[in-house]
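# Structural description and commentary
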Amino acid sequence: MHVAPPPSSLNKLPPPIVPGQPLTALAPMQDVTDLAFMRVVAHYGAPDYFVTEFFRVHAQSRPEKHILRSIDENTTGRPVFAQLIGEDLHHLSRTVEELLKHPVAGIDLNLGCPAPKVYKKNVGGGLLREPEKVAEIFACLRAAVPGLFTVKMRIGFEDTRHFERLLDLVNEHRVDMLSVHGRTVKEMYRSEVHYDEIARAVARVRCPVLANGNITSAPKARDVIRQTRAAGVMIGRHAIRNPWVFRQCRELFSGHPLSRVKLQDVREYIDRLYRATQSSEIPEQAHVNRMKKFLNFVGQGVDPDGAFLRDMRHAQSEASLFAVCDRHLLGAAGDLDFSPEPYAGVIARPNCETPDAPSDSCSLFSVGT
Ligand SMILES: Cc1cc2nc3c(=O)[nH]c(=O)nc-3n(C[C@H](O)[C@H](O)[C@H](O)COP(=O)(O)O)c2cc1C
C-alpha cells in the first residue's frame, strides 16, 4: 500500500517498528505527551517516534527537568526527538549542546504553536511570517546538530504566502524530516485540514514528510497517506482518545483486520492513565481535573450523545470519576465497541475546536465547558 520517498532520505531516520511501513509518530502536546503518557501509549502499541513537549529557549532558559525525564527515563524502546521553541540563535545552539548530552534521536524545531502569547514573542507559529529569520535559525541548527534535525510546521501564519519559500529552506538546510500540520496558525484547530498543502510539501521537499491534522484513526491515516503521498502520519488528540491507534495503523498497513476495542478496555486505559499520571505532589482534586482533560478526548468515542462527557465533567473526586466510568464503560456497556471514529458532534474542547469559538480562547489543554 505504501508510497515511500527516495530511500536515501528515509534511511537516515531510525527504522520503523515494521520496516517498509509508513512511519507513525505521536504528536508533541504540551502538558500531555510527558513520560507517563508516552509509557501508557507504548503499552497499547507505541508509535515509531515520540517528540517531546517543547523546551522553551531564551536567555535564562535551562532544559525543563520534567521534559528531560521523557528522554532520560524513556523505556518505550522507541526514539524520542527533543523539540525546541525559540528564535535566539546563541541560546538555540547552547540548548542543542545541552540536549545532545541526553539520549535524543534528534532535535526538532517548533514552527507552529498557535497560542497568541507564544506567537507574539515571534517564536513557534509566529516565525512563519519571517522566512528569512527561519533561514538563519535553520542554518544555526543545521550547524549545531550533527545528527537528525527535524522541523514541525504549520502551512503559514494567516495564509500560505511563504509556504514554498519555507519548503525550499527545508531543502537548503538539509532538514531530515518534516512534520506538516495542514492548517495556518490563525486556523488554530477549527478549520478543515488542508491535506492538499501537505501533498504540496511532499512534492517539494527531499526529506520524508509526516502528515498531521485530524487523523482520527488508522483508516483515516491510510487515506491521508494515499492523498498526500507522505512518508507517514503524526497523530495527536486522537491518540489521547484511542491509544491503540498506532497498533491499528500497523495492522491496517499490513492488511490485517483492526483489533477491536471494547468499552471495558477503555475503562482499563483510564485506570492505567490515572495511575501513571498520579503523584504524591498533586492533590486528588487537581489530578481529577487533569484527568478530565484527557477524558474530554476519550469521551468522543464512548457514546454518540456525549452522556459520558457530561457526567465525567461533574466528577469532583477519584471515587466519583470512577463511578461515572464504571457506569458508562462496564456492566452491560462493557462489551460494546469503542467507536473507531469520534462520534459526530461530540467535541472534546468546544472552546477551541468549533468554528465560531472566539480566537484567543484556546489555552492548549483547557476543559471544554
Ligand atoms: C494540548 C495540545 C498541546 C500541543 N502542544 C504542542 C507542542 O508542544 N509542540 C507542537 O509542535 N505542537 C503541539 N500541539 C499541536 C499538535 O502536535 C498537533 O500538531 C495538532 O494537535 C494537530 O494534530 P491532531 O489533529 O492529530 O491533534 C499541541 C496540540 C494540543 C492539542
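Structural notes, computed from the coordinates. (Residues numbered from 1 in each chain as written. Predicted model: local features only at pLDDT ≥ 70, side-chain atom pairs only at ≥ 80, totals over all residues. Heavy atoms only, no water.)

## Examining the overall build of the chain
Under the convention used in this document: Runs of H or I in DSSP of at least four residues are treated as helices and runs of E of at least two as strands, each being numbered from the N terminus. Here the radius of gyration uses the C-alpha set of atoms, whereas the globule reference equals 2.2 Å times the residue count to the power 0.38. Throughout, a contact is declared for two residues whenever any of their heavy atoms are within 4.5 Å. Accessibility throughout is a Shrake-Rupley quantity obtained with a 1.4 Å probe, and a residue counts as covered only by protein chains that appear here. Under the convention used here, Asp and Glu are negative, Lys and Arg are positive, and both His and the chain ends fall outside the count. Lysine's charge is taken at NZ, arginine's at CZ, aspartate's at CG and glutamate's at CD.
The helix and strand tally for the chain stands at 16 helices and 9 strands. Rg of the C-alpha trace for the chain: 20 Å, near the compact-globule value of 21 Å for 369 residues, within the 12% margin. Within the chain, contacts between residues at least 6 apart in sequence are counted, and of these 73% link residues at least 24 apart. Here the chain displays about 14,700 Å² of accessible surface, and carbon together with sulfur accounts for 53% of that area. For the chain, the distance from the average position of its 46 positive side-chain charges to the average position of its 43 negative side-chain charges is 1 Å.

## Comments concerning helix H8 (residues 195-204)
Here is the rule we go by: Type-normalised accessible area, obtained with a 1.4 Å probe on protein chains alone, sets the label of each residue: buried when under 20%, exposed when over 50%, and partly exposed for intermediate values. This arc describes the spread of directions from the helix axis toward the C-beta atoms.
If you check which residues of H8 are buried, you get Tyr-195, Glu-197, Ile-198, Ala-201 and Val-202. Around the axis of H8, the buried residues are gathered within 155° of arc, so they sit on the same side. Here the buried face of H8 lies against strand E6 (148-156), helix H7 (163-172), strand E7 (177-184), strand E8 (209-212) and helix H9 (218-228).

## A few points about the site of the ligand
Rules: Proximity is defined per residue: if any heavy atom of the residue lies within 4 Å of a molecule or strand, that residue is considered near it. The term polar contact refers here to a pair of N or O atoms within 3.5 Å; inside protein, the definition further demands a hydrogen-donor-capable atom paired with an acceptor-capable atom, and it admits residues adjacent in sequence only when both atoms are side-chain atoms.
Looking at the ligand, there are 19 residues lining it, with Pro-28, Asn-212, Asn-214, Gly-236 and Arg-237 nearest. At 2.7 Å from an oxygen atom of the ligand is found a main-chain nitrogen or oxygen belonging to Asn-214. In isolation the ligand offers 610 Å² of accessible surface; the protein chains occlude 97% of this area.

## Observations concerning the packing of aromatic side chains
Rules: Aromatic pairs are defined between Phe, Tyr and Trp rings, using the six-membered ring for Trp, whenever the two ring centres lie within 6.5 Å; interplanar angles under 30 degrees are classed as stacked, those over 60 as edge-to-face, and all others as tilted. Both a distance and an angle decide whether a charge sits over a ring: NZ of Lys or CZ of Arg must be within 6 Å of the ring centre and within 35 degrees of the ring normal.
Applying the stated criterion to the full structure yields 9 aromatic pairs. Aromatic side chains Phe-37 and Phe-294 sit 5.7 Å apart centroid to centroid with 25° between the ring planes, which places their arrangement in the stacked category. One end of the pair, Phe-37, is in helix H2 (residues 35-45); the other, Phe-294, is in helix H13 (residues 284-298), with 257 residues separating them in the sequence. Classification of Phe-37 as buried rests on a relative accessible area of 0%. Plain terms: the ring middles of Tyr-49 and Phe-81 are 5.5 Å apart, the flat faces sit at 70° to each other, and that makes the pair edge-to-face. Taken together, the residues Tyr-49 in strand E2 (residues 49-51) and Phe-81 in strand E4 (residues 80-85) connect sequence positions 32 residues apart. The same class applies to Tyr-49 and to Phe-81, which are both buried. Three or more aromatic residues link up through ring pairs in this structure, and these residues are Tyr-44, Trp-244, Tyr-269 and Phe-338. The aromatic ring of Phe-157 is capped on one face by Arg-129, whose charged end is 4.3 Å from the ring centroid.

## Quick word on the environment of Ser-254
Looking at the secondary structure, you find Ser-254 in the loop between helix H11 (245-253) and helix H12 (263-277). Between the C-alpha atoms of Ser-254 and Gln-21, which are 233 residues apart in sequence, the distance is 7.8 Å. Among the polar contacts listed, one links the side chain of Ser-254 to the backbone oxygen of Arg-250, at a separation of 2.7 Å. One polar contact links Ser-254 to His-256, side chain to side chain, over a distance of 3.2 Å.

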